[in-house]
Amino acid sequence: MCGIIGYNGTSDVAPLLLDGLEKLEYRGYDSAGIAVLEDGQIDIVKSKGKISSLREKISKTHAPKGDIGIGHTRWATHGEPSDENAHPHYSASRRFAVVHNGIIENFATLKADLQKKGYVFHSDTDTEVVAMLLDENDNGNFFETVLKTVKMLQGSYALGILDANDPDTLIAVKRSSPLIVAVSPEGNYIASDITAVLNHTREMYKMNDGELAVIKPDGVTFFNEDGDPILKELQHVDWDVHAAEKGGYEHFMMKEIKEQPDALRKTLSPRITEDNKIKLDDIELTDEQIKGFDRIYIVGCGSAYHVGVVGKYVIEQLARIPVEVDIASEFRYRYPLVNEKTLTIIISQSGETADTLEALREAKRAGSRTLAIVNVVGSSIASEADDVLYTWAGPEISVATTKAYSTQLSLMYLLAIRFALAKGSITESYSQELLTELQTIPDKVEEIFKLEPQIERVAETYTYLHHAYFIGRNLDYAVALEASLKLKEISYIHSEAYAAGELKHGTISLIEPGTSVIALCCCERLVDKTVSNAKEVLARGAQVFAVANEGNESVGNICDHAIYLPKTNPLFQPSIEVVPLQLLGYYTAKARKCDIDKPRNLAKSVTVE
Ligand code: F6R
């Protein structure tokens, strides 16, 4: 989704903005632009397409010069991707320039009013309304003009604003869209996230909803929505700058797949003590409180939701607490039955997904205790949840998640064991056994990488595929959901996941000679049943690629291709099983020459609903 960068300092701003925008590319975008203020004039250059097109335009026309500016990558919501709709947007007088992430929900009414007053719009965006309103509300004081304008806006917005008459000041505003302010001795920044400025600083302030920041070259002041000054805490971010770069890999996705063993170790090891006990950071969740929960909701979007599906199987089996898993965009509008006796677990890599954030707020409003599993430190979900467990996966740049999914799963296992111990549904010694096994998962994931050539060969056979079906039962089904999403989102092959036992209730009519089916046969207890389902599709001409555990090599006798994975406790098998399927998606997309890290139409951080 849209990315914002802004700078006010002593350096030449245009190269710095372009560099920052490239760091935000991973969020997904279709056009980009910058605005630079110098000698009382704002110079805007913007272009449809990639940042390379913007760079080209700048080199062919002129490079804006100055040491204060704003930049933007746009992911179209109102109006097609085009030069006109790209940000920044001028106000009518060209005195103000605005970049925006979010959606101004009342823009149509505001625009109609402004048009009646004679304002002429040059784009289809909701953002241009903000720029025009600044002219309309202008009383000669930049700060007051912004404050008045913001009060008229409904919806979500992170804004960066320049005023040609106040060349010393950059103003940022935040409501329901992510924004940080980062500081350094050479100047101060605004950005959608810290990755944009990691090259320059690690010191940042996380802006909260309703806050406004006045950024000067030598300092930053924060205000609440009434314009009263507020104090905020400076946060230090540990992320390694190289972690946000490709490090020799062709794609971030492959780099991140390969980082999984390490990310799992980093996520698990601080939470398992030397005497094999769980320590969930500073979360104060007593056994009594856990026993008091009569239901757990797990809520997320996309892959985060799929982690929840695994969580349901594992928590219900170990802790015997009923679990409901919900897609955040459904949960928030369906009057969920949450109350003080429910625990709501919210899962999000970015911590900024609009629907997930609203689902969290909905659960809180209803009195539920909320626990968030989040990757981005200081993100909105992390700040608003009652408790947070961070996945220590480091920055995930590829749009398709891999290491965030895996680390989220690992925390789900820890929670399940913790709940089960509190409920007395497992013994201390079984818990120890589980924790010992859990710590072997990173090494077992590493072993999977030996299967890469085999997986690549299977993927090459999918180069011209139109449809794929993933089937599995129980936890294999939960993994099938994620595997299918991985394949479709980056290779653009239509793909579905089915509970294998459901095939005969309709879907099997789609199977014809040549149809590709990926049969997940790792759930030991149900292997025979899934193999029977695989035989049913084979009998109808399907090509079957099976994924099974070592020791079950007989599965390969009936299938076209098969790979065998290291065994673990059946509850943890998804952590191992998902990895070859991530690789399958990757190599299929590669064979089809797709834009793996930035698939079409997708954004890394979905900050609008
Ligand atoms: C798929 C993928 C998405 C995200 C979803 C939620 O590979 O990455 O489905 O899982 O958009 O994003 P977060 O976890 O940031 O809330």
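Below is a summary of the structure that appears in this document. Keep in mind it's a predicted model, so treat the numbers as computed, not measured.

## Things to note about the site of the ligand
So, step 1. As a matter of local geometry, the ligand sits amid 14 residues, with S348, Q349, S350, T353 and E489 nearest to it.
So, step 2. Separating an oxygen atom of the ligand from a backbone N or O atom of S303 is a distance of 3.2 Å.
So, step 3. For the ligand, whose free accessible area comes to 400 Å², the fraction covered by protein is 89%.
So, step 4. Where the shell around the ligand is concerned, the elements lending two or more residues are α9 (302–319) and α17 (475–491).
So, step 5. Per-class residue counts for the shell around the ligand are five nonpolar, seven polar and two charged.

## A word on the packing of aromatic side chains
So, step 1. The final tally for this structure, using the stated rule, is nine aromatic pairs.
So, step 2. Considering the side-chain rings of Y413 and F572, the 4.7 Å spacing of their centres and the 50 degrees angle between planes classify their relative orientation as tilted. On the criterion of sequence distance, the pair formed by Y413 in helix α13 (residues 403–423) and F572 in the loop between β25 (561–565) and α20 (573–591) is long-range, its members being 159 residues apart.
So, step 3. For F572, a relative accessible area of 0% translates into the label buried.
So, step 4. The ring centre of F121 lies 4.9 Å from the NZ or CZ of K111, which sits over that ring.
So, step 5. It is K232 that lies over the ring of F222; its NZ or CZ is 5.7 Å from the centre.

## Describing the pairing of strand β2 (residues 31–38)
So, step 1. Summarising burial for β2: seven of the eight residues are buried, a large majority.
So, step 2. Taken together, the eight bridges between β2 and strand β3 (residues 41–48) define a ladder with antiparallel strand orientation. By the bridge assignment for β3, V36 is matched with D43.
So, step 3. Taking the residues that link successive antiparallel strands as the turn, the β2-β3 hairpin has two residues, and the phi of D39 there is positive, at about 50 degrees.

## Notes on the environment of T515
So, step 1. Its place among the elements puts T515 in the loop between β22 (494–499) and β23 (516–521).
So, step 2. T515 sits 46 residues away from Y469 along the chain, and the two C-alpha atoms are 8.2 Å apart.
So, step 3. Within the structure, the side chain of T515 is placed 2.8 Å from the backbone oxygen of E512, a separation counted as a polar contact.

## Let's talk about the sheet that holds strand β14 (residues 229–230)
So, step 1. Across the sheet, seven strands lie side by side as β5-β6-β7-β8-β12-β13-β14; this open sheet has antiparallel pairing. The open sheet is flanked by β5 (89–90) and β14, the only strands paired with a single partner.
So, step 2. One ladder, built from five bridges, connects strand β12 (residues 211–216) with strand β13 (residues 219–223); its direction is antiparallel. Considered in β13, the bridge of L212 is made with F223.
So, step 3. Against the sheet, helix α5 (residues 142–151) makes contact with β6 (96–104), β7 (155–163), β8 (170–175), β12 and β13, and its axis sits at roughly 160 degrees relative to β7, the strand it touches most.

## Remarks on the sheet that holds strand β17 (residues 323–327)
What holds strands together in a sheet is hydrogen bonding between their backbones, with the strands either parallel or antiparallel.
So, step 1. An order of β17-β16-β18-β19-β20 is seen for the five strands of this open sheet, with the pairing classed as parallel. Only two strands of the sheet have a single neighbouring strand rather than two, namely β17 and β20 (387–390). Adjacent strand axes in the sheet meet at a mean angle of 20 degrees when their direction is disregarded.
So, step 2. Taken strand by strand, α9 contacts β16 (295–300), β17 and β18 (342–348), and its axis lies near 170 degrees from that of β17.
So, step 3. Against the sheet, helix α11 (residues 354–365) touches β16, β18 and β19 (369–374), its axis set at about 165 degrees to β18.

The rules behind the values
- Residues numbered from 1 in each chain as written.
- Predicted model: local features only at pLDDT ≥ 70, side-chain atom pairs only at ≥ 80, totals over all residues.
- Heavy atoms only, no water.
- Near = heavy atom within 4 Å.
- Polar contact = N/O pair within 3.5 Å; in protein donor to acceptor, adjacent residues only side chain to side chain.
- Areas by Shrake-Rupley, 256 points an atom, 1.4 Å probe, with all protein chains shown as cover.
- Helix = DSSP H or I, 4+ residues; strand = E, 2+ residues; numbered from the N terminus.
- Nonpolar A, V, L, I, M, F, W, Y, C, P; charged D, E, K, R; others polar.
- Phe/Tyr/Trp six-rings, centres within 6.5 Å; stacked < 30°, edge-to-face > 60°.
- Buried < 20%, exposed > 50% of the residue type's maximum accessible area, 1.4 Å probe, protein only.
- Lys NZ or Arg CZ within 6 Å of the ring centre and 35° of its normal.
- Pairing = 2+ DSSP bridges.
- Contact = heavy atoms within 4.5 Å.
- Axes fitted to C-alpha atoms, helices over the stretch in contact; angles between N-to-C directions.

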